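Architecture and fold: a report
These are the residues of each chain, in order.
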Amino acid sequence: MCAKRQRVFVAGHRGMVGNQILQQLDASEDTDIVTRTHGELDLTSQASVMDFFAKERIDQVYLAAAKVGGIHANNTYPADFIYQNLMIEANVIHAAHMADVQKLLFLGSSCIYPRAVAQPMAEEALLSGYLEATNEPYAVAKIAGIKMCESYARQYGRDYRSVMPTNLYGPGDNYHPQNSHVIPALIRRFHEATINGIPKVEIWGTGTPRREFLHVGDMARASIFVMNLPKENYLEHTTPMCSHINVGSGVDIPIGDLAKLIATVTGYTGEVTFDLSKPDGPPRKLMDSSRLRSFGWEPRIDLADGLSETYEIFKAEYNRGV
């Protein structure tokens, strides 16, 4: 007798991580993937989300939908970030429960951890100190998502899990000049400096802070891996009130070295300088991913290779005016 095909809802399938999850799930022969665009389903609308789950008979949910952005966007639109993310999480997680969906994976962010925290950042550091002020509203929303998953697991026995990625990059990234993260911002700046013959690119700060980066393809693979872990294995390595799992490459790099690596990848031959009057941010942000590695997962994509691939995709999109 054939096994029942799983109906899997990928919320946020047009986003960076959601799209990679969608592509990797697409190869599975026992999965029917369900998606909705924002125009088809507003995840901030409780009534719409409840109606969707009541009709669609979903078996699993990958909750990758979120309002995301860099420091500038988070600092400029804090109300948008906390409201939209809280509504998406609350609506999807509660509606999934009400529709008797037993398995759900929530995708968070490394910004859930306190600004001043021991490095590398272990799961147990959650709620142990003050958050980074510039993205506190977003971080609070993501912490709420973790605690919702834990609460529905504790009260109703749901198998709702959470994964916390480090800084991601790769296909589908946002290259907006003001609202992007560090890697896409630098790729765009060095690319435009190269094609316009600009002799100098200036980087904010000293270039000494260290940051960790993970290719989005590895993040999608980790998400599917964690979703499919046998429940007894997952529970063995987590606790009811510290159930989230960090996902990182395990390697960090100084921002100055990252800038020079991206300059090389983009073919930029001008000068790279540093504006010492600008803030550095925390000196180091590295995830402790030993919990995930204890399950047998390892990243596959090296930073230099991942950046080269990402740049080729960016160039094609840039030339098309995307």
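Report follows, based on the coordinates. (Residues numbered from 1 in each chain as written. Predicted model: local features only at pLDDT ≥ 70, side-chain atom pairs only at ≥ 80, totals over all residues. Heavy atoms only, no water.)

1. Points about the overall build of the protein chain
The secondary structure content of the protein chain amounts to eleven helices and twelve strands. Scaling as 2.2 N^0.38, a compact globule of 322 residues should have a C-alpha radius of gyration of about 20 Å, and the protein chain matches this with 20 Å. Based on the C-alpha atoms only, the size of the protein chain along its principal axes is roughly 65 × 45 × 40 Å. Residues classed as buried in the protein chain amount to 50% of the 322 residues present. Taken together, the 31 basic and 37 acidic charged side chains of the protein chain have centroids lying 2 Å from each other. (Helix = DSSP H or I, 4+ residues; strand = E, 2+ residues; numbered from the N terminus. Rg over C-alpha atoms; globule rule 2.2 N^0.38 Å. Buried < 20%, exposed > 50% of the residue type's maximum accessible area, 1.4 Å probe, protein only. Lys, Arg positive; Asp, Glu negative; His and termini not counted. Charge placed at Lys NZ, Arg CZ, Asp CG, Glu CD.)

2. Some thoughts on the packing of helix α1 (residues 16-25) against helix α7 (residues 216-227)
In the contact formed by α1 and α7, the axes pass within 8 Å of each other and the chain directions differ by 65°. The chirality of how α1 crosses α7 is right-handed. In this structure, α1 contributes Met16, Val17, Gln20, Ile21, Gln24 and Leu25 to the contact, and α7 contributes Val216, Gly217, Met219, Ala220, Arg221, Ser223 and Ile224. Counted by class, the contact of α1 with α7 contains eight nonpolar, four polar and one charged residues. (Axes fitted to C-alpha atoms, helices over the stretch in contact; angles between N-to-C directions. Left-handed = near helix turned anticlockwise from the far one by under 90°. Contact = heavy atoms within 4.5 Å. Nonpolar A, V, L, I, M, F, W, Y, C, P; charged D, E, K, R; others polar.)

3. Brief notes about helix α9 (residues 255-266)
Helix length check: α9, at twelve residues, gives a terminal C-alpha distance of 16 Å against a target of 16 Å (1.5 Å per residue), a fit within 8%. Buried residues of α9: Ile255, Gly256, Leu258, Ala259, Ile262, Ala263 and Thr266, and no others. Burial along α9 is one-sided: seen end-on, the buried residues are contained in an arc of 160°. The inward-facing, buried residues of α9 abut α6 (182-196), β7 (200-204), β8 (210-215), β10 (252-254), β11 (271-275) and α11 (303-319). Residue glycine 267 follows α9 closely and has a positive phi angle near 80°. (Expected span 1.5 Å × (residues − 1). Arc of directions from axis to C-beta.)

4. Observations concerning the pairing of β8
Counting buried residues in β8 gives five out of six residues, a clear majority hidden from the surface. With three bridges connecting them, β8 and β10 associate as antiparallel partners. The partner of arginine 211 across the bridge, within β10, is isoleucine 253. Where β8 and strand β12 (residues 284-285) come together, two bridges link them in parallel fashion. When the bridges of β12 are listed, arginine 211 appears paired with lysine 285. (Pairing = 2+ DSSP bridges.)

5. Focus: α6
Helix length check: α6, at 15 residues, gives a terminal C-alpha distance of 21 Å against a target of 21 Å (1.5 Å per residue), a fit within 8%. Looking only at α6, the buried set comprises Ile183, Pro184, Leu186, Ile187, Phe190, His191 and Ala193. Those residues of α6 hidden inside the fold are in contact with β6 (167-169), β7, β8, α9, β11 and α11.

6. Concerning the pattern of salt bridges
Across all of its chains, the model carries 17 salt bridges by this definition. Of the charged contacts in the structure, one is a salt bridge between lysine 103 and aspartate 159, with a shortest N-O distance of 3.2 Å. Of this pair, lysine 103 sits in strand β4 (residues 103-107) while aspartate 159 sits in strand β5 (residues 159-165), and the two are 56 residues apart along the sequence. Aspartate 159 carries the same exposure label as lysine 103, and that label is buried. Between aspartate 252 and arginine 284 there is a salt bridge; the shortest N-O distance is 2.6 Å. Of the two residues, aspartate 252 sits in strand β10 while arginine 284 sits in strand β12, which places them 32 residues apart along the sequence. Residue aspartate 252 is classed as buried on the basis of its relative accessible area, which comes to 10%. (Salt bridge = Lys/Arg side-chain N within 4 Å of Asp/Glu carboxyl O.)

7. Looking at the packing of aromatic side chains
Tallying each qualifying case throughout the model produces ten aromatic pairs. Here the aromatic rings of phenylalanine 52 and phenylalanine 53 are separated by 5.2 Å at their centres, their planes lie at 85°, and the arrangement is edge-to-face. For phenylalanine 52, a relative accessible area of 6% puts it in the buried group. When its relative accessible area of 2% is taken as the criterion, phenylalanine 53 is described as buried. Within the aromatic cluster, the residues linked to one another by ring pairs are Tyr175, Tyr311, Phe314 and Tyr318. For lysine 67, the ring lying beneath its charged end belongs to phenylalanine 81, and the centroid distance is 5.0 Å. Just above the ring of tyrosine 234 sits the side chain of arginine 161; from NZ or CZ to the centre is 4.3 Å. (Phe/Tyr/Trp six-rings, centres within 6.5 Å; stacked < 30°, edge-to-face > 60°. Lys NZ or Arg CZ within 6 Å of the ring centre and 35° of its normal.)

8. Concerning the nonpolar core
By size, the foremost hydrophobic cluster in this structure holds 40 residues, and its most contacted members are Phe9, Leu43, Phe53, Val61, Leu63 and Leu104. Secondary structure elements with two or more residues in this core: β1 (6-11), α2 (46-56), β3 (60-63), α4 (78-98), β4, α5 (136-156) and β5. With seven residues, the single largest contributor to this core is α5. Listed in part, the 27 residues of the second largest apolar core include Leu25, Leu168, Met219 and Val226. (Core = buried A, V, L, I, M, F, W, Y, C linked by side-chain atoms within 4.5 Å.)

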